[in-house]
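For reference, the chains in residue letters:
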Amino acid sequence: MLTKLTGGKVYDPAHGINGEVRDIYIRDGRIIAHHHVDTVGPDQEFDCRGKVIMAGAIDMHTHIGGGKVTIARNLLPEDHRGDPVARSGPMRAGAGYVAPSTLTAGYRYAEMGYTAGFEPAVLPINARQAHMEMADTPLLDVGGYAMLGSDDFFLRLLSSGAEQEVINDYVAWTLHSSQCIGIKVVNPGGISAFKFNQRKLDLDEAHRYYGVTPRGILQSLARAVHELGVPHPLHVHGCNLGVPGNLDTTLNTIAGIEGLPMHLTHIQFHSYGTEGDRKFSSGAAQIAEAINKNPNITADVGQILFGQTVTASGDSMMQYANHTHAHPNKWVCMDIECDAGCGVVPFKYKDKNFVNALQWCIGLEIFLLVDDPWRIFLTTDHPNGAPFTTYPHLIRLLMDRSFRNDMLSTINVDSAALSTLASIEREYTLYEIAIMTRAGAARILGLHDRGHLGAGAAADITVYTEQDDKEAMFTRPDYVFKDGELVVRNGEVIKVVWGNLHTIRPEFDRASIESRLRPYFDRYHTMKMDNFIIRDWEIEGDGRSKIMVHPCRGQG
Amino acid sequence: MPDTQPKVFENVPSPFCGIASDDLKIEVSGLKVRVIAGGDAVTRRGFEQPITDLFPRLSGRQASLEQATEEAARVLKDARLPVFSGFGTDVNETRAALSLIDRCRGVFDQSRAEAGLRNLLVLADSGWMTTTLAEVRNRVEVLVVFGVDIEASFPRFFERFVWPEATLFDEDTRQREVIFIGATPSGTAANAPDGRVPKVIPCEKESLPQVAAVLSALAGGARLQAETVAGIALSELQGVVDRLQSASYSVITWAASQLAFAHAELTVQQLCKTVVALNRDTRCAGLPLGGQDGDRTASQVSAWISGYPTRVSYARGYPEYDPYHFGAERLLESGEADVLVWVSSLSTSPPPVVDVPTIVIGRTGMTFEREPEVFIPVGVPGIDFQGHMYRCDNVVALPLYQLRESTLARAADVLAGIEARL
């Protein structure tokens, strides 16, 4: 079947197309080139004149699946009671809000024009659960970043001086075994150090048992990811999250990686200075400058927005330290399987609270001071800074200076006075939003057939009516197509399809690394190595998800 | 012709025990399954239960799968409030059940929910700090076992997690200390390899809440006037707290199913408060034991699909959670529920005898005091089909493998078949 989207204003930064009026043709779930269209008319045509067309949006860092999300769900029944979602049309019942049920999360993402989301904290030991939950998230393509850096196997390798090649094999084996597309490190070594009762771990501080430092861990993992040709750079949640003064740690982290590609996630939480009477200040200018100067660095923001949410993180060390801020006062910390940990702390960001209001400013400052939209990504670190449903509001803050300044005038006055936000004139364009939420995200993940509208791309497409109120515009697309199927009309799901799992499979010496891993599992673990590895049937067996393997550098 | 040559499978995970031992060696000859290594009372019973029923029955009369599915759908179509319970199932089967429950506006409960809720209520009220089995195996220095005879329900717990030969951190496991409070081990599994017996501080079951409260108070630094608690010298409990404070990594474990008294969640909460208090200066973690017969699996799947872990009603078209009102037993006794659907592919535990129409999608071999209106025997995930199950720590999900070729239906297909006919 041939589908034609006629006469829309197309924003396709991957091809440098900036608001040109074009027709788009879809056949068998893919976008096809105009010269492949027969003279016969399309079977189906959508009049997109006066409308904006972009690829489906990609959330490159969102906690949508895995143990800690379900802990958050169990921790906060009141979150769901406040937002019941009835069965309706093709949609099953569920619940929002900050830790929504998987079904509801999928519908809500699609209704905003998102067609892919990536879970950034997949504990390899818990990867099965992450995949099972992501598989139950309809309408969304998914993928995960496997967490390493506090797992005992890696720390033993590093502390015993293992060769980089061995570490590379282990990293590759982990990507294969956990069916992930990238590697994440969270508080490098810190989750493990907390199990040894260390309460903080600075970049150059030694782990009490292993003697290794976060700097060494980052270098080793970033090198492995790079040498394996993994498209996504090492995804780093740095040391000292949330600690005033962590700006210096972040700058040192950037310097310490010595030019290797590195992605700094939810960088807002890592951009705090200690100036002023309250010893808490914005480090956004220095951070943005460092990103601008270092082309090997990318970042997503982790913007906070005001209201109740829940923070769910692998960083058990810092989540334990922050539990005194829990709102409501209940929280979970876990040590997990000599692999990692997690902490789940509900949180309420208040606009009149000095620190929260300044966090809000810091995030926006970073967005606006980083020059290159290909290297900065729109995230709230869902749900840690705010639930993903706030994205249209965030887009308006970036695109509409007068709206931003109106909001600024409502927050804590001391925070507003300390921030440079009011003086920043920049307004993001639709083209730049399309880079941040589509083309850039696909490029940084190595998704060749997503995030763009060129021939051969998957027909994940969102059509909006252009409006001055960008929040309204991005809340309710006219049409969303998933793999060529019309799934959303006027902001409502009309058809439910299931997404794909995106992975990579770098080459490595399986026999060599398994000769170390098998006895390790037998001797120390509570499961066998063969049962740890996630096989393809586990993902594809029920006929919903398909695995899409993207090439690493140097592969096919 | 069935293949009768015996086949041997290694590293087989057990869906039956909450600790999910996955080192079993299993021999299959035709339809006969035998655990030949790594077995214990729980896993042998689970794996070796023979296939008896092959055909569905309608009120005791043999019927085809088609007829039984049709009849189940007819009963559900007429139902005002069907309640679903049982739930020894794997992940896919629970998914299918929740889809059907959503469709027919039913209630999801689990026969083990009462025990699970003793933990879940604490999690939702104050949270907790917990650990998982591999951390216990490699780190535990002092293990406090509170109110539970572990080896009765988890026969291999001590062998696998407390007395391994080696640990990651070169700890001499022979030096590990085990302290039982309010329970006495029924066997010798808790004895150290050199024969050293665990410390046992006995008390009556009804005193456990009081003892937990005192442990929590002492860990929090309170000074108590009393000299004895539940017949235990206060100094003895102070000694336990002191030992936990001096340990670099201690674990307090309990099994909610064995804390069968009113408001046991408050006792669990005191244990969790003790753990949190100890973490001010050192490391300590809780370990809630459970997860037999798919208990954790169904609860986890329900949590991510509905937002709530168990006792979820879809009667109003959206999920609602009420740990009291949506208990199957209460709904059946009060007459609110007019159909019982019992789903259990892992265990042959039958449904309760009730006077409403009963549909059973149950493991072959289930026997009934009152023959249900619909009985559809099904195969077992982990024996007859591939699948997934959760361990008691809610973190590790294990793959389950198909070991034999039977003609038994799969519960997930049966449930989907019923839904398709609604």
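All values reported here derive from a predicted model rather than from experimental measurement. (Residues numbered from 1 in each chain as written. Chains lettered and ligands numbered in written order. Predicted model: local features only at pLDDT ≥ 70, side-chain atom pairs only at ≥ 80, totals over all residues.)

Participant: It is not clear to me how the overall build of chain B should be interpreted in this structure. Could you clarify?
Facilitator: When helices and strands are tallied, chain B shows 13 helices and 22 strands. A globule of 422 residues ought to have a C-alpha radius of gyration of about 22 Å, and chain B, at 23 Å, matches this closely. Seen through its C-alpha atoms, chain B measures out along the principal axes to roughly 65 × 50 × 35 Å. Counting across all 422 residues of chain B, residues that qualify as buried make up 59%. Considering only contacts in chain B between residues 6 or more positions apart, those separated by 24 or more positions represent 66%. (Helix = DSSP H or I, 4+ residues; strand = E, 2+ residues; numbered from the N terminus. Rg over C-alpha atoms; globule rule 2.2 N^0.38 Å. Buried ≥ 20, exposed ≤ 12 C-beta atoms within 10 Å, placed from the backbone. Contact = placed C-beta atoms within 7 Å.)

Participant: Can you walk me through the interface of chain B and chain A in this structure?
Facilitator: Quite often, the size of an interface is put as the accessible area lost when its parts meet. Contact with chain B, which involves 55 residues of that partner, is made by 50 residues of chain A. Classifying every residue of the side of chain B that touches chain A by side-chain character gives 28 nonpolar, 18 polar and nine charged. Sheet topology note: the strand 18 (residues 331-336) of chain A/strand 8 (residues 127-130) of chain B ladder contains four bridges and is parallel. When the sheet's bridge partners are listed, A:C333 is paired in strand 8 of chain B with B:M129. (Nonpolar A, V, L, I, M, F, W, Y, C, P; charged D, E, K, R; others polar. Pairing = 2+ DSSP bridges.)

Participant: Is there a simple way to think about the domain arrangement of chain A in this case?
Facilitator: All names here are of chain A. For chain A, the assigned domains are domain 1 (2-55 + 452-493) and domain 2 (58-445). Computed over C-alpha atoms only, the centres of domain 1 and domain 2 are separated by 30 Å. Taken together, the contact between domain 1 and domain 2 spans 23 residues of the former and 24 residues of the latter. Mapped by element, the contributors of at least two residues to the side of domain 1 that touches domain 2 are strand 2 (17-27), strand 5 (51-55), helix 17 (470-475), strand 22 (479-482), strand 23 (485-489) and strand 24 (492-493). (Domains from an automatic or database assignment.)

Participant: In this structure, what is going on with the packing of helix 8 (residues 208-219) of chain B against helix 10 (residues 264-278) of chain B? I would like to understand it.
Facilitator: All names here are of chain B. The N-to-C vectors of helix 8 and helix 10 enclose an angle of 20°; their axes lie 8 Å apart at closest approach. Here helix 10 runs roughly parallel to helix 8, going by the angle between their axes. Seen from above, helix 8 lies across helix 10 with left-handed handedness. The residues of helix 10 that touch helix 8, namely those facing L208, P209, A212, A213, L215, S216 and A219, are L266, T267, Q270, L271, K273, T274, A277 and L278. In terms of residue class, the contact of helix 8 with helix 10 is made up of ten nonpolar, four polar and one charged. (Axes fitted to C-alpha atoms, helices over the stretch in contact; angles between N-to-C directions. Parallel < 35°, antiparallel > 145°, perpendicular 65-115°, else oblique. Left-handed = near helix turned anticlockwise from the far one by under 90°.)

Participant: I'm lost on the sheet that holds strand 2 (residues 24-29) of chain B in this one. Help?
Facilitator: Adjacent strands of a sheet pair through backbone hydrogen bonds, lying either parallel or antiparallel. Residues and elements named next belong to chain B. Reading across from one edge, 1-2-3 is the order of the three strands in this open sheet, with antiparallel pairing throughout. Edge strands, defined here as strands with exactly one partner in the open sheet, are strand 1 (7-12) and strand 3 (32-37). The mean inter-strand angle of the sheet, taken between neighbouring strand axes irrespective of direction, is 30°. Bridge analysis of strand 1 against strand 2 gives four bridges, and the strand direction is antiparallel.

Participant: Please explain the confidence of the model for chain B as it appears in this structure.
Facilitator: If pLDDT is low for a region, its predicted coordinates should not be looked at in detail. When the pLDDT values of chain B are averaged, the result is 95; 99% of them are 70 or greater. What the predictor reports for the complex is a pTM of 0.97 with an ipTM of 0.97. (pLDDT = per-residue confidence, 0-100.)

Participant: Explanation requested: unusual backbone geometry in the structure shown.
Facilitator: Apart from glycine, the bulk of residues carry a negative phi angle, and the bulk of peptide bonds sit in the trans form. A cis amide bond links A:H327 to the next residue, A:P328, at an omega of -5°. For A:P328, the position within the fold is in the loop between helix 11 (316-322) and strand 18. Residue A:P383 is reached from A:H382 by a cis peptide bond, and omega for that bond is -5°. Along the chain, the position of A:P383 falls in the loop between strand 20 (376-377) and helix 13 (391-399). A positive phi angle is found at A:C338, which is not glycine, with a value near 55°. By secondary structure assignment, the location of A:C338 is in the loop between strand 18 and strand 19 (340-349). Phi angles above zero are rare outside glycine, and B:R311 is one such case at about 50°. With respect to the helices and strands, B:R311 occurs in the loop between helix 11 (295-306) and strand 16 (312-313).

Participant: Whenever I open this one, helix 8 (residues 214-227) of chain A confuses me. Can you help?
Facilitator: In an α-helix there are 3.6 residues to a turn, and that puts residues three or four apart on one side. Residue and element names in this part refer to chain A. In this model, helix 8 (14 residues) spans 20 Å end to end at C-alpha, consistent with the 20 Å of a helix rising 1.5 Å per residue. Among the 14 residues in helix 8, eleven count as buried, and that is most of the element. Where helix 8 is concerned, the buried positions are P214, R215, G216, I217, L218, Q219, S220, L221, A222, A224 and V225. (Expected span 1.5 Å × (residues − 1).)

Participant: Explain the domain arrangement of chain B to me, please; I cannot follow it from the model alone.
Facilitator: Residues and elements named next belong to chain B. Taken as a whole, chain B is organised into domain 1 (55-111 + 293-386 + 409-420) and domain 2 (116-290). Between the C-alpha centres of domain 1 and domain 2 there is a distance of 35 Å. At the interface, seven residues of domain 1 touch five residues of domain 2. Looking at the side of domain 1 that touches domain 2 residue by residue, the class counts come to two nonpolar, three polar and two charged.

Participant: I would appreciate a short explanation of the pairing of strand 5 of chain A in the present structure.
Facilitator: Side-chain positions along a regular strand alternate between the two faces of the sheet. All names here are of chain A. With five of five residues buried, strand 5 is to be regarded as a mostly interior element. Where strand 1 (residues 2-12) lies against strand 5, two bridges are found, and the strand directions are parallel. Bridging across to strand 5, K9 finds its partner in V52. Bridging between strand 5 and strand 21 (residues 461-465) involves five bridges; their strand directions are antiparallel. Within strand 21, the position partnered with V52 by the bridge is Y464.

Participant: I would appreciate a short explanation of the packing of helix 3 (residues 91-103) of chain B against helix 11 of chain B in the present structure.
Facilitator: Working note: a packed helix pair is described by the angle between its axes plus the distance between those axes. Residue and element names in this part refer to chain B. Look at helix 3 against helix 11: their axes get within 9 Å of each other, and the N-to-C directions meet at 50°. Taken as axis vectors, helix 3 and helix 11 run oblique relative to one another. Viewed along their axes, helix 3 and helix 11 form a crossing whose handedness is right-handed. Residues V91, T94, R95 and L98 of helix 3 form the contact with helix 11, whose participating residues are T297, A298, V301, S302, I305 and S306.

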